[in-house]
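Report on the structure
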Amino acid sequence: FSRSLFTNAFPTLGDLSETLRIIGDGLIGINGVHEQLRESLKNDILPLFDELSKEDLTMEKHIEKKMEKGYEDYELKLGNSLLYRDTKLSVDHIDDLARTRRDYELSRYDLVSRLNQIDAKKKVLLTQASCNIHIAYTQTQESIAKVLGATSETIHTLGESTIESGEMMVQPDALWN
């Protein structure tokens with residue numbers, strides 16, 4: 001009986017349980033959208049970052065060591081050649097120096113090439129992750145707009161009714177009229 005009195009006090013507000021159900025359904029819908037966002041991040045974005053973090057750089061380290069050794073060999077042979085500037089160097093010595101430099105330059109090129117490949121892969125993965133993030137958040141915003149749009153008119157009407165009811169509350173004996 002007291003509930004009936006309460007409900008009848010402000011008929012424009014309708015039944016409180018119906019209002020709470022509408023708001024609860026909206027919150028459940030929004031929670032579902034957030035869950036979809038979490039799943040999207042987990043399935044579409046995190047694997048891309050995992051792939052980047054698991055990049056094996058063993059080959060690059062090996063190439064770098066080979067390049068450093070080639071550089072040291074070349075510098076050593078070049079330094080020795082410069083010590084004997086006044087004498088004519090043999091063709092074998094000049095060929096060996098050129099071969100050492102070539103090996104160093106090729107290993108340097110191999111390292112730069114491999115690092116560029118890794119950079120290109122990183123660029124593709126990060127661009128894909130950025131696009132996936134944008135898509136996930138756009139879909140989230142659109143889904144939340146649909147959830148809120150479904151109850152927007154009802155909530156707007158209730159909001160106006162609460163203003164009217166609030167104004168009635170300040171009148172003496174408003175609940176008993």
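These numbers come from a predicted model, not from an experiment.

Concerning the overall build of the chain
When helices and strands are counted, the chain shows four helices and zero strands. When the helices and strands of the chain are read in sequence order from the N terminus, they spell out α-α-α-α. Counting only C-alpha atoms and orienting by the principal axes, one finds that the chain spans roughly 120 × 30 × 20 Å. Here the chain holds 177 residues, and the buried ones make up 20% of them. For the chain, long-range pairs separated by at least 24 residues make up 79% of all intrachain contacts whose partners lie at least 6 apart in sequence. Working note: accessible area of the chain is about 13400 Å², and carbon and sulfur atoms make up 59% of it. Here the chain contributes 21 positive and 30 negative side-chain charges, whose respective centroids are spaced 12 Å apart.

A few points about the packing of helix α2 (residues 16-53) against helix α4 (residues 91-169)
Following both chains from N to C, one finds α2 and α4 inclined at 180°, their axes separated by 9 Å at the closest point. By the criterion of interaxial angle, the relationship of α2 to α4 is roughly antiparallel. Its residues placed into classes, the contact of α2 with α4 shows 21 nonpolar, twelve polar and four charged.

A word on the packing of aromatic side chains
Two aromatic rings, taken as a pair, are described by how far apart their centres are and by the angle between their planes. Counted under the stated rule, the structure contains one aromatic pair. Here Y71 and Y104 contribute two aromatic rings whose centre-to-centre distance is 5.4 Å and whose plane-to-plane angle is 55°, an arrangement assigned as tilted. Within this pair, whereas Y71 is found in helix α3 (residues 58-83), its partner Y104 is found in helix α4, the two being separated by 33 residues in sequence.

Let's talk about the pattern of salt bridges
Using the criterion set out here, one finds 14 salt bridges in the structure. In this structure, K69 and D73 form a salt bridge, with 3.0 Å as the shortest nitrogen-oxygen distance. On the criterion of helical spacing, the pair formed by K69 and D73 is a turn pair, its members being four residues apart in helix α3. The exposure class assigned to D73 is partly exposed, which follows from its relative accessible area of 27%. In this structure, D96 and K77 form a salt bridge, with 2.9 Å as the shortest nitrogen-oxygen distance. Here K77 lies in helix α3 and D96 lies in helix α4, a separation of 19 residues in the sequence. Counted as one network, the salt bridges with shared partners bring together E51, E55, E60, R114 and K121.

Observations regarding α3
The end-to-end C-alpha distance of α3 is 38 Å, a good match for the 38 Å that 26 residues give at a rise of 1.5 Å each. Looking at α3, one finds that the buried residues are E60, I63, M67, G70, Y74 and S81.

Some words on the side chain of T100
Counting through the fold element by element, T100 comes out in helix α4. T100 gets classed as buried once you look at its relative accessible area, which sits at 9%. Here K77 takes part through its side chain, which lies 3.1 Å from a polar atom of the side chain of T100. Sequence-distant contacts of T100, defined by excluding residues within four places in its chain, comprise G70, D73, Y74 and K77.

Here we look at a nonpolar patch on the surface
A cluster of nonpolar residues, I23, L27 and I155, forms a patch on the protein surface that exposes about 260 Å² of accessible area. By secondary structure assignment, the location of L27 is in helix α2. Residue classification places L27 among the exposed positions, given a relative accessible area of 56%.

Conventions and cut-offs
Residues numbered from 1 in each chain as written. Predicted model: local features only at pLDDT ≥ 70, side-chain atom pairs only at ≥ 80, totals over all residues. Heavy atoms only, no water. Helix = DSSP H or I, 4+ residues; strand = E, 2+ residues; numbered from the N terminus. Buried < 20%, exposed > 50% of the residue type's maximum accessible area, 1.4 Å probe, protein only. Contact = heavy atoms within 4.5 Å. Areas by Shrake-Rupley, 256 points an atom, 1.4 Å probe, with all protein chains shown as cover. Lys, Arg positive; Asp, Glu negative; His and termini not counted. Charge placed at Lys NZ, Arg CZ, Asp CG, Glu CD. Axes fitted to C-alpha atoms, helices over the stretch in contact; angles between N-to-C directions. Parallel < 35°, antiparallel > 145°, perpendicular 65-115°, else oblique. Nonpolar A, V, L, I, M, F, W, Y, C, P; charged D, E, K, R; others polar. Phe/Tyr/Trp six-rings, centres within 6.5 Å; stacked < 30°, edge-to-face > 60°. Salt bridge = Lys/Arg side-chain N within 4 Å of Asp/Glu carboxyl O. Expected span 1.5 Å × (residues − 1). Polar contact = N/O pair within 3.5 Å; in protein donor to acceptor, adjacent residues only side chain to side chain. Patch = residues over 30% accessible without salt bridge, like charges linked within 9 Å, V, L, I, M, F, W, Y side chains within 5 Å.

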